[in-house]
Amino acid sequence: MTASQPKRTARNPERHQQNTHWATLPPLSPLTYYRRNIWRVLPVVGAIVISVFLIAAIVTLLNSVDRSIQVQYGSMKNYTILAPRTDPDVPLPILADAAKIPEVKEVILTIPCFVFLKTVFGKMPIPIYGFEQKDVSTIVKITGNKLVEGRIPHVNQPEVALSRAWANNFHVKLGDLYTPYDEQLPTLLTKLRVVGIFEGGDNIAITDRTFLELELNEIARRPSYFYLPRDAKDLPKISKELQSIIDHPKKYDLAPNFSRRIKVFTFNGLVQDLRNSLGFLYTFLAIADGLVICTVALLSGFLANIYFEQRLGEFGLLSALGFRRERLAKRLVMETGTLVGLSWLGGIAFTALAIKILDVTYMVPHGLVLAPIARDALLYTLPTPILVGIASLGTVLTRLYRLDPIEIMERR
């Protein structure tokens, strides 16, 4: 080391200046204020995070209504049902023509017994289907299920095998007795023994057909015909053909209004019917969601506005030191964008975590359906950071360009 070179000691001013350069952020960096005043920033961040969580949670609850319908009726994506509404059975000529549809692989006769399932929007009717022993394996296979516990119900026995989710919803397990009776439905009075649990596919509940034929009263005992397609893509065509058959009752010398007494049940049609019946609930939740979005976003914007108003002295001092107001405005835009952007992401992450915990610890064990965070939930939360940014920037930028740095220096 030559004499002209400075010694690398702890007291070396050059070395001290270099360390200070790396340890201190530039005065116009958008992170400078946040690093030095974290406790002043956290209330604004918390307000945005809570706002995003509240809005996303309401939208997710609204989506859970539709999700519940699709999940609980999901087994109908595998077949189309032809069933009477008021008559004892479907006329034989109609059944004969329906069986001639080339896309139909198999027709299975069943008798349904309806019970109520608890959902996020209240009670929802679901069927317990009575099948012959030879048809049970076919239904289990096409719905993607596997019998993981117990066995299939025996002939003419008060027994039921059902999906794990429905068993959780009814608060029963293998070997328990389930009471299907409900005052709102003409259903069974006999308790059913849970003898089997299904997993892995669409939700179903199966009992013996002979048992239902003997136990159900005449009003509730209505046969249903399952039309299974040769290929999944043929199911819409089968549904269309069946609807066409019952829309022409004159062909079978039946009354003109006879088609109203027979109905084709499809997955899409059943989901749409239930959506229509819940139209008021959808409207109510949508209005409530809109009010929450506007209120929470405006309150968050006012809070952020107060936060930035308290920093006018800082901007006035920097302006008095020679920093151009355009650079200060750029810094303010970057700070605001960083603040609301990271807070929004934090709110989404917190919501996703909370929904996951709720789903695992409560919804699934009780057989309830909770929708995941979807794109619309993210879009509904965007007004919060946008309004916060607009409310903050609009006020502070206006004050910044009218600011007199001499007044700040004189503490007026």
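Residues numbered from 1 in each chain as written. Predicted model: local features only at pLDDT ≥ 70, side-chain atom pairs only at ≥ 80, totals over all residues. Heavy atoms only, no water.

> Quick one: what's the story with the overall build of the protein, residue by residue and with numbers?
Helices and strands together make up the secondary structure of the protein, namely 15 helices and ten strands. Taking all contacts inside the protein whose residues are at least 6 apart in sequence as the whole, residues at least 24 apart take part in 79%. Accessible area for the protein stands at about 22,700 Å²; split by element, carbon and sulfur atoms hold 60% of it. (Helix = DSSP H or I, 4+ residues; strand = E, 2+ residues; numbered from the N terminus. Contact = heavy atoms within 4.5 Å. Areas by Shrake-Rupley, 256 points an atom, 1.4 Å probe, with all protein chains shown as cover.)

> Account for the nonpolar core, with residues named and values stated.
When a protein is soluble and globular, its nonpolar side chains tend to lie buried together. Ranked by size, the top nonpolar core spans 48 residues in total, and within it Tyr73, Phe131, Leu162, Phe170, Ile206 and Phe226 carry the most contacts. The contact partners of Phe131, leaving out residues within four places of it in the chain, are Ile108, Leu109, Thr110, Val136, Ile139, Ile206, Thr207, Asp208, Arg209 and Phe226. The next biggest cluster of nonpolar side chains, apart from the first, holds 17 residues, and it includes Leu82, Ile94, Ile245 and Ile246. (Core = buried A, V, L, I, M, F, W, Y, C linked by side-chain atoms within 4.5 Å. Buried < 20%, exposed > 50% of the residue type's maximum accessible area, 1.4 Å probe, protein only.)

> Mind laying out the pairing of strand E10 (residues 262–265), listing which residues take part and the relevant values?
Of the two faces of E10, the one holding Ile262 and Val264 is buried and the one holding Lys263 and Phe265 is not buried anywhere. Sheet analysis places strand E1 (residues 80–84) next to E10, joined by four bridges and oriented antiparallel. Along E10, the bridge assignment pairs Ile81 with Phe265. (Pairing = 2+ DSSP bridges.)

> So what's going on with the pairing of E1? Which residues, and what values?
Within E1, five of the five residues are buried, which leaves the element mostly enclosed by the surrounding structure. Note: E1 against strand E9 (residues 224–229), three bridges, orientation antiparallel. Looking at E9, one finds that Thr80 is bridged to Tyr227.

> Go over the environment of Ser239, please, and point to the residues and values.
Structurally, the position occupied by Ser239 is in helix H8 (residues 235–246). For the pair Ser239 and Leu82, spaced 157 residues apart in the sequence, the C-alpha separation amounts to 9.1 Å. Ignoring anything within four residues of it in the chain, the contact list for Ser239 reads Thr80, Val264 and Thr266.

> If you had to explain unusual backbone geometry to someone new, which residues and values would you point to?
In this structure, Asn156 is a non-glycine residue whose phi angle is positive, near 55°. Within the secondary structure, Asn156 is located in the loop between strand E4 (146–150) and strand E5 (159–163). The exposure class assigned to Asn156 is partly exposed, which follows from its relative accessible area of 34%. Despite not being glycine, His171 has its phi angle at roughly 60°, a positive value. Its place among the elements puts His171 in the loop between helix H6 (164–169) and strand E6 (177–178). A residue is classified by how much of its surface remains accessible, and His171, at 51% relative accessible area, is exposed.

> Break down the layout of surface pockets for me, with residues and values.
Estimates place the volume of the largest pocket at around 720 Å³. Around the largest pocket, the lining comprises 35 residues; the ones closest to its centre are Pro112, Phe114, Pro127, Ser224 and Phe265. When contributions to the lining of the largest pocket are tallied by element, the ones reaching two or more residues are E1, strand E2 (104–119), strand E3 (122–131), strand E8 (205–208), E9 and E10. Looking at the lining of the largest pocket element by element, the count peaks at four residues for E3. The residue makeup of the lining of the largest pocket, split by class, is 27 nonpolar, five polar and three charged. Reported here for the second largest pocket is a volume of approximately 390 Å³. Residue lining of the second largest pocket: 25 residues in total, with Val71, Ala165, Asn203, Leu368 and Val369 positioned closest to the centre. Among the elements of the structure, helix H3 (38–72), H6, strand E7 (192–199) and helix H12 (325–363) are those that each provide at least two residues to the lining of the second largest pocket. A total of four residues in the lining of the second largest pocket trace back to one element, the largest contributor, which is H3. (1 Å grid on protein atoms, 1.4 Å probe; cavity = no way out; pocket = protein on both sides within 12 Å on 5 of 7 lines; lining within 4 Å. Points joined across faces, edges and corners; volume = space filled by probe spheres on them. Nonpolar A, V, L, I, M, F, W, Y, C, P; charged D, E, K, R; others polar.)

> Kindly report on the pattern of salt bridges, identifying the contributing residues and their values.
Two side chains that carry opposite charge are able to pair once their charged atoms sit near each other. Within the structure shown, the criterion is met by 13 salt bridges. Residue Lys263 pairs with Asp273 through a salt bridge whose shortest N-O separation is 4.0 Å. Residue Lys263 is found in strand E10, and its partner Asp273 is found in helix H9 (residues 267–277); the two are separated by ten residues along the sequence. Through salt bridges with shared partners, a single ionic network connects Glu132, Lys134, Asp135, Arg209 and Glu213. (Salt bridge = Lys/Arg side-chain N within 4 Å of Asp/Glu carboxyl O.)

> Explain the confidence of the model for the protein to me, using residue names and the numbers behind them.
Per-chain confidence: the protein averages 80 in pLDDT, with 78% of residues scoring 70 or above. Counting interchain partners and residues more than four positions distant, the pLDDT-below-50 stretch residues 13–23 has three contacts. (pLDDT = per-residue confidence, 0-100.)

> Which residues make up helix H4 (residues 92–99), and what are the values?
Those residues of H4 that sit buried are Ile94, Leu95, Asp97 and Ala98. Projected down its long axis, H4 shows its buried positions confined to an angular sector of 165°, all on one face. Packing partners of the buried residues in H4 comprise E1, E2, E9 and H8. (Arc of directions from axis to C-beta.)

> How would you summarise helix H5 (residues 133–142) if you had to cite specific residues and measurements?
Taken together, the buried positions of H5 are Asp135, Val136, Ile139 and Val140. The arc that holds the buried residues of H5, viewed along the axis, is 140°, so those residues lie on one side. More than 90 degrees from the buried face of H5, the exposed residues found are Lys134, Ser137 and Lys141. The elements touched by buried residues of H5 are E2, E3, E4, E7, E8 and E9. Positive phi shows up at Gly144, right after H5, with a value of about 75°.

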